[in-house]
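A look at the structure
Chain residues, written in single-letter form:
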Amino acid sequence: KEWCHLIPKIELHAHLNGSIRDSTLFELAKVLGEKGVIVFAAVEDVIMKSGRSLPECFQLFDLFHILATDHETVARIAKEAIEDFAAENVVYIELRTTPKNNESKGMTKRSYMEAVIKGLRAIETVSVYFLNTDDSTDNSIEAIPTNDIHGAKKKNIYVRLLLSIDRRETTAAAMETVDLALELKDLGVVGIDLSGNPVVGEWNTFLPALTYAKEQGLPITLHCGEVPNRKEVQSMLDICPQRIGHACFLENEEWERVKSSKIPVEICLTSNLRTQRLESIDRHHFADLYKAKHPMVLCTDDPGLFSTSVSNEYYLAASTFGLSKGELIDLAQNAIEFVFASDGVKKALTDIIQAAKRELQ
Ligand code: 5GP
């Protein structure tokens, strides 16, 4: 496990509100409990429960959203989440979050995102590079120091943002999110995600916004096949997403399409196990995809909610599927190819992981 910690890692599937520190969650719940907004004892039980079902997880998200609805808290959880990922030797993260309107707090989707960005700017203990301007034409990208993987020096992390469309949203709200992503391109927003309760919402509601994003050159990643729904999986593949997440319930025919088009899969082992999408971890589709050398990346999904970490996901993959140290580093390195950042960032990441490879092997 310690060794997995040392690998410079790439996280491409993590939800902001699923990455709240337990201590922060309790603190926020306590304050709202004292104000009488929630019953703290009830919340405590839900937060402490392990092995939640999928519907229970979405209940918990509704609770998280009550806890983290003001701008100040949004900025705080964004700051802490990035500090925590950097502490894990994550060197590049695409953090995703659903921009939210909340009239009572004077919050719009835009001001929500501004709060997230404010949180990134407030980080002092870690060097955060989140502006898209550090692209291949900007030589400063090469100058970003390689992490001291043993942790003595200040960590460096690239942060990019994905804006999520929640499956509960209307077409208009989804379009608003895509417009916002386009407006915030220079502030680190690199793509669009579709997430939220997989049994809620109709594909045709989101399709116009996702098509619009693609037309505008914004890459998209979709939560795909979290529950059996062949028709929707096929429609998702029809729009050729740049990546898909989970892919737990795909039939052979769909797998063939994913494999022949080499669509990278964001693998969330602990999340899939905890939400009971499979009987046991050794039956996870990771094994088949790995054998087929299919592009994939190990991710946490919701490290707070599922009490996991990126290092833990690597350890789990290694211990379940018998991967060697070299294979684990290669897994991290292969993910560089399908990040939504510029070639300059990709080159810098390659240098970072190559350097670690020399040191660790
Ligand atoms: P937020 O977007 O509010 O920062 O992060 C929490 C949200 O991410 C949840 O409300 C939900 O919409 C989405 N989310 C987190 N984990 C999962 C998951 O495992 N599956 C799906 N479909 N959505 C998720």
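Residues numbered from 1 in each chain as written. Predicted model: local features only at pLDDT ≥ 70, side-chain atom pairs only at ≥ 80, totals over all residues.

1. Quick notes on the overall build of the protein chain
This is how it is decided: Think of it this way: any DSSP run of H or I at least four residues long counts as a helix, any run of E at least two long counts as a strand, and we number them from the N terminus. With C-alpha atoms as the basis for the radius of gyration, the globule rule is written as 2.2 Å multiplied by the number of residues raised to the power 0.38. Backbone-placed C-beta atoms define the burial measure: a residue is buried with 20 or more other C-beta atoms within 10 Å of its own, exposed with 12 or fewer, and partly exposed in between. A residue pair is marked as a contact if its C-beta atoms, positioned from the backbone, fall within 7 Å.
Secondary structure summary: the protein chain contains 16 helices and 9 strands in total. Against the compact-globule benchmark of 21 Å for 361 residues, the protein chain has a radius of gyration of 19 Å, which places it among compact chains. Each principal axis of the C-alpha atoms in the protein chain carries an extent, and together these give about 55 × 50 × 40 Å. Per-residue burial for the protein chain yields a buried fraction of 45% across its 361 residues. Of all intrachain contacts in the protein chain linking residues separated by at least 6 positions in sequence, the fraction that spans at least 24 positions is 75%.

2. Topic: the packing of helix 15 (residues 325-334) against helix 16 (residues 343-360)
Applied cut-off: Note on geometry: axes are C-alpha line fits, over the in-contact stretch for helices, and angles between N-to-C directions span 0 to 180 degrees. Oblique is the label for every angle not falling under 35 degrees (roughly parallel), over 145 degrees (roughly antiparallel), or within 65 to 115 degrees (roughly perpendicular). Any residue that is not Ala, Val, Leu, Ile, Met, Phe, Trp, Tyr, Cys, Pro, Asp, Glu, Lys or Arg is counted as polar, Gly included; the first ten are nonpolar and the last four charged.
The geometry of helix 15 relative to helix 16 is characterised by a closest axis approach of 10 Å and an angle of 170 degrees between their N-to-C directions. Classified by the angle between their axes, helix 15 and helix 16 sit roughly antiparallel to one another. Where helix 15 abuts helix 16, its residues Lys325, Ile329, Ala332 and Gln333 lie against Ile353, Lys357 and Leu360. Of the residues that constitute the contact of helix 15 with helix 16, the class distribution is 4 nonpolar, 1 polar and 2 charged.

3. Description of helix 15
Stated precisely, the cut-off is as follows: Arc definition: it is the arc formed by the directions from the helix axis to the C-beta atoms.
Those residues of helix 15 not exposed but buried are Leu328, Ile329, Leu331 and Ala332. Around the axis of helix 15, the buried residues are gathered within 150 degrees of arc, so they sit on the same side. As for helix 15, its buried residues are in contact with helix 1 (2-6), strand 1 (9-15), strand 9 (296-298), helix 14 (310-321) and helix 16.

4. Digging into the environment of Leu331
Here Leu331 shows up in helix 15. Overall, the presence of 21 C-beta atoms within 10 Å leaves Leu331 in the buried class. Taking the C-alpha atoms as reference, Leu331 lies 9.5 Å from Tyr290; in sequence the two are 41 residues apart.

5. Considering unusual backbone geometry
Although it is not a glycine, His246 adopts a positive phi angle of roughly 75 degrees. If you trace the backbone, His246 turns up in strand 7 (residues 243-246). The buried category is assigned to His246, around which 26 C-beta atoms lie within 10 Å.

6. A few points about helix 6 (residues 109-121)
To keep it simple, the criterion reads: What a helix should span is 1.5 Å times the count of its residues minus one.
A rise of 1.5 Å per residue sets the reference length of helix 6, with its 13 residues, at 18 Å; its end C-alpha atoms lie 19 Å apart and thus fit the reference within 8%. Buried within helix 6 we find Tyr112, Met113, Ala115, Val116, Ile117, Gly119 and Leu120. Among the structural elements, helix 5 (71-87), strand 2 (90-97), strand 3 (127-129), strand 4 (156-166) and helix 8 (171-183) are those in contact with the buried residues of helix 6.

7. Considering the packing of helix 5 against helix 6
Selection criterion: Note: crossing handedness is left-handed where the near helix turns anticlockwise from the far helix by less than a right angle, and right-handed where it turns clockwise.
Contact pair helix 5 / helix 6: the axes reach a minimum separation of 7 Å and the direction vectors enclose 45 degrees. For the element pair helix 5 / helix 6, the angle class is oblique. Seen along the crossing, helix 5 lies across helix 6 with a hand that is right-handed. Of helix 6, the residues touching helix 5 (which contributes His71, Val74, Ala75, Arg76, Ala78, Lys79 and Ile82) are Ser111, Tyr112, Ala115, Val116, Lys118, Gly119 and Leu120. Looking at side-chain class alone, the contact of helix 5 with helix 6 contains 8 nonpolar, 3 polar and 3 charged residues.

8. Overview of the confidence of the model for the protein chain
So the rule is basically this: Values of pLDDT, the confidence the predictor places in each residue, fall between 0 and 100.
On average, the protein chain scores 91 in pLDDT, and the residues at 70 or more come to 94%. Here residues 135-143 is modelled with pLDDT under 50, and outside its nearest four sequence neighbours on either side it reaches 13 contacts, counting other chains as well. Overall fold confidence for the complex sits at a pTM of 0.95, while the interface term, ipTM, reaches 0.99.

9. Comments concerning the pairing of strand 2
In the case of a regular strand, side chains alternate between the two sheet surfaces. The test is simple: By definition, two strands form a pair when at least two bridges between them are found by DSSP.
Of all 8 residues that make up strand 2, 8 are buried, and the element is covered over most of its length. Across 5 bridges, the pairing between strand 1 and strand 2 is parallel. Looking at strand 2, one finds that Lys9 is bridged to Val90. Here strand 2 pairs with strand 4 via 6 bridges, running parallel. Residue pairing for strand 4: Ile93 is matched across the bridge by Val159.

10. Quick look at the environment of Val37
Among the secondary structure elements, Val37 is positioned in the loop between helix 2 (22-34) and helix 3 (40-48). Along the sequence, Val37 and Leu187 sit 150 residues apart, while their C-alpha atoms lie 34 Å from each other.

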